[in-house]
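Structural description and commentary
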Amino acid sequence: MKIVLLGPPGSGKGTQANLICKKYDISHISTGDIFRTNIANGTALGKKAKEYIDAGSLVPDELTIKIVEDRLKQDDCKNGFVLDGFPRVRTQAEALSKMTQIDKAIMIDLDDEEIINRLSKRRMCRKCGNPTHLDNLINGYCEKCGGEVYTRADDAPEVIKQRLIKQKLPQDVVDFYKDLGLFEKINSTNSMEETFKLVDSILSGIKE
Ligand code: AP5
Ligand code: MG
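Everything quoted here is computed from the prediction, not taken from an experiment.

Turning our eyes to something else, we now look at the packing of aromatic side chains. Scanning the model with the defined rule gives 1 aromatic pair in all. Here the aromatic rings of Phe176 and Tyr177 are separated by 5.1 Å at their centres, their planes lie at 85 degrees, and the arrangement is edge-to-face.

Have a look at this one:
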């Protein structure tokens, strides 16, 4: 199963990707996570990506496409994967179509007001990578694994604003997948579990 998750910042792509990967035992590939790991490790890629991420902008294609191409060649992607946050522009969608054939592109949508509400209260677990809500923490630690949590640098209010302005999903990406008959759209207004039911009903229609 090869799935692409599209959608605006904070709509729940990472949360749903985790649930899909757990149920179907496939790999989770988040370009945002790859950039953040590189930033934390001080790599050349991380230094370049940081400039764009801190400004709420997209990282240029020449950096982004290559990391996905390399990642998809790794063994753990053979059984399938969820691409979380890639592609975001038409050029990336076209590049991906040359690397592999995906089964579905699911857009997870949410209105800006709720996105701001969720992102301003999001905490990330350093240990298991789980994105969670401030209110779900247990004594300040991750409710899933007990790990230490942190606030993402790009969840600062001004950067959230910039991300919402600069990172709307372009219509030509939607059209690209619609033309291939692969596009699906759901809304993540309801709980994570209810949203996953919608996602899973789409996945269950995929023929293996
Ligand atoms: P990335 O890390 O992908 O950030 P993003 O797209 O802004 O999305 P987020 O990770 O912030 O949100 P999400 O949709 O995963 O939501 P989550 O599940 O955490 O990318 C970071 C940066 O890297 C980009 O800004 C860009 O600069 C760069 N980049 C990455 N990919 C790129 C590409 N392809 N091209 C160019 N640049 C790229 O949920 C959010 C919160 O809501 C959490 O607290 C969660 O617990 C909560 N939540 C989730 N679902 C629900 C629900 N149903 N009900 C209640 N709460 C919920
Ligand atoms: Mg995410």
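There's more to say after this.
Right, let's talk about the nonpolar core for a bit. Ranked by internal contacts, the top residues of the largest apolar core, which has 29 residues, are Val4, Leu6, Leu83, Leu96 and Tyr177. Mapped onto this core, the elements with two or more residues apiece are strand S1 (2-6), helix H3 (44-54), helix H4 (61-72), strand S3 (81-84), helix H5 (90-99), strand S4 (104-109) and helix H8 (171-179). Ranked by residues supplied to this core, first place goes to H4 with 5 residues. In contact with Leu6, other than residues within four places in its own chain, are Lys13, Pro87, Ala105, Ile106, Met107, Ile108, Leu169, Val173, Tyr177 and Phe183. In terms of nonpolar packing, the next biggest core, distinct from the first, is built from 16 residues, Leu5, Ile20, Ile106 and Ile108 among them.

Surrounding ligand 1, one finds 35 residues, the nearest of these being Thr15, Ser57, Arg88, Arg122 and Arg163. Between an oxygen atom of ligand 1 and a main-chain N or O atom of Ser11, the distance comes to 3.2 Å. Take Arg122: an N or O atom from its side chain is 2.7 Å from an oxygen atom of ligand 1. If ligand 1 stood free it would expose 1,000 Å²; the protein chains cover 96% of that surface. Class assignment of the residues belonging to the shell around ligand 1 gives a composition of 9 nonpolar, 18 polar and 8 charged.

All right, on to the sheet that holds S3 then. An order of S2-S3-S1-S4-S8 is seen for the 5 strands of this open sheet, with the pairing classed as parallel. Bordering the open sheet on either side are strand S2 (27-30) and strand S8 (183-187), each of which pairs with just one other strand. Neighbour-to-neighbour, the strand axes of the sheet open up by a mean angle of 20 degrees, direction not taken into account. In this structure, S4 lies alongside S8, joined through 5 bridges in parallel fashion. Its bridge partner being in S8, Ala105 is matched across the sheet by Phe183. Packing of helix H9 (residues 192-203) onto the sheet brings it into contact with S1, S4 and S8, and relative to S8 it is tilted by some 165 degrees.

Let us now look at the pattern of salt bridges. Following the criterion strictly, the structure yields 18 salt bridges and no others. Residue Arg71 pairs with Asp76 through a salt bridge whose shortest N-O separation is 2.7 Å. Judged by its relative accessible area of 36%, Asp76 falls in the partly exposed class. With a shortest N-O distance of 2.9 Å, Arg122 and Asp155 are connected by a salt bridge. Of the two residues, Arg122 sits in strand S5 (residues 122-125) while Asp155 sits in the loop between strand S7 (149-150) and helix H7 (157-166), which places them 33 residues apart along the sequence. In this structure, Arg122 and Asp155 share a single accessibility class: buried.

For the rest of this paragraph, the subject is the sheet that holds S7. What the 3 strands build is an open sheet, ordered S6-S5-S7; its pairing is antiparallel. Both edges of this open sheet fall to strand S6 (131-133) and S7, since each of them pairs with a single strand only. As paired elements, S5 and S6 share 3 bridges and run antiparallel to each other. Residue pairing in the sheet places Arg122 in a bridge with His133 of S6.

Here helix H2 (residues 31-40) crosses H4 at 100 degrees, and the two axes come no closer than 11 Å. When the axes of H2 and H4 are compared, the pair comes out roughly perpendicular. In contact with Thr31, Ile34 and Phe35 of H2, H4 contributes Thr64, Ile67, Val68 and Arg71. Per-class residue counts for the contact of H2 with H4 are 4 nonpolar, 2 polar and 1 charged.

Structurally, the position occupied by Ile206 is in the segment after H9. Accessibility expressed as a relative area gives 13% for Ile206, which makes it buried. Separated by 63 residues in the primary sequence, Ile206 and Glu143 place their C-alpha atoms 32 Å from one another. Dropping the residues within four chain positions of it, Ile206 is found in contact with Met1, Ile3, Asp103 and Lys104.

Criteria and thresholds
Residues numbered from 1 in each chain as written. Chains lettered and ligands numbered in written order. Predicted model: local features only at pLDDT ≥ 70, side-chain atom pairs only at ≥ 80, totals over all residues. Heavy atoms only, no water. Phe/Tyr/Trp six-rings, centres within 6.5 Å; stacked < 30°, edge-to-face > 60°. Core = buried A, V, L, I, M, F, W, Y, C linked by side-chain atoms within 4.5 Å. Buried < 20%, exposed > 50% of the residue type's maximum accessible area, 1.4 Å probe, protein only. Helix = DSSP H or I, 4+ residues; strand = E, 2+ residues; numbered from the N terminus. Contact = heavy atoms within 4.5 Å. Near = heavy atom within 4 Å. Polar contact = N/O pair within 3.5 Å; in protein donor to acceptor, adjacent residues only side chain to side chain. Areas by Shrake-Rupley, 256 points an atom, 1.4 Å probe, with all protein chains shown as cover. Nonpolar A, V, L, I, M, F, W, Y, C, P; charged D, E, K, R; others polar. Pairing = 2+ DSSP bridges. Axes fitted to C-alpha atoms, helices over the stretch in contact; angles between N-to-C directions. Salt bridge = Lys/Arg side-chain N within 4 Å of Asp/Glu carboxyl O. Parallel < 35°, antiparallel > 145°, perpendicular 65-115°, else oblique.

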